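Spelled out, the chains give:
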Amino acid sequence: MNAEALARTIETREAHYWSRSRQCLWHKGATSGLTQHVVELRIDDDQDAVWLRVKTAGVGANCHVGYRSCFYRRVDLPVDEGVSAPAARLVFCEAEKTFDPIAVYGDAPNPTQL
């Protein structure tokens with residue numbers, strides 16, 4: 001979030017973000033209908049990080065590629081301290097998509113870089 005996104009989020013109680021890939025402010029759910037109503041907003045101790053707890057409209061999914069959460073993958077870490085980490089490997093945490101992004105967004109450009 002940048003200052004404008006934070007101000008719009010506080011004003012509307014719906015999540016707004018600064019998209020680095022699009023280089024513009026965006027209102028989450030304006031296209032998909034999956035708006036994020038802000039239930040709680042927290043700021044960290046140095047006031048450089050924002051944490052939102054939201055209730056998402058529609059099917060409750062938040063990710064524009066169809067998963068419930070944008071954090072649908074994890075990086076495996078070594079089990080024991082002192083053990084060298086293996087080559088980074090992404091592991092899917094969600095088995096299925098919540099919705100079909102083509103049905104929701106059509107042929108709109110997808111900013112996700114895989």
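Analysis parameters
Residues numbered from 1 in each chain as written. Predicted model: local features only at pLDDT ≥ 70, side-chain atom pairs only at ≥ 80, totals over all residues. Heavy atoms only, no water. Disulfide = S-S within 2.5 Å. Buried < 20%, exposed > 50% of the residue type's maximum accessible area, 1.4 Å probe, protein only. Salt bridge = Lys/Arg side-chain N within 4 Å of Asp/Glu carboxyl O. Helix = DSSP H or I, 4+ residues; strand = E, 2+ residues; numbered from the N terminus.

Undergrad: Which residues make up the state of the cysteines, and what values go with them?
TA: All chains considered together, the criterion is met by zero disulfides. Not part of a disulfide, Cys63 finds its nearest cysteine sulfur in Cys70, a span of 4.0 Å. Overall, the relative accessible area of 42% leaves Cys70 in the partly exposed class.

Undergrad: Run through the pattern of salt bridges, naming residues and quoting values.
TA: Under the criterion given, the structure shown has four salt bridges. Between Glu11 and Arg8 there is a salt bridge, and its shortest N-O distance comes to 3.0 Å. Here Glu11 and its partner Arg8 are both found in helix α1 (residues 3–12), three residues apart, which amounts to about one turn of the helix. According to the relative accessible area criterion, Glu11 is exposed, its value standing at 58%. Residue Arg8 is classed as partly exposed on the basis of its relative accessible area, which comes to 31%. One salt bridge connects Arg53 with Glu40, and the closest N-O pair in it is separated by 3.2 Å. Highlighted residues: Arg53 in strand β4 (residues 50–56) and Glu40 in strand β3 (residues 36–43), separated in sequence by 13 residues. In this structure Glu40 comes out as partly exposed when scored by relative accessible area, which is 24%. Connected through shared salt-bridge partners, Glu40, Arg42 and Arg53 make up one network.

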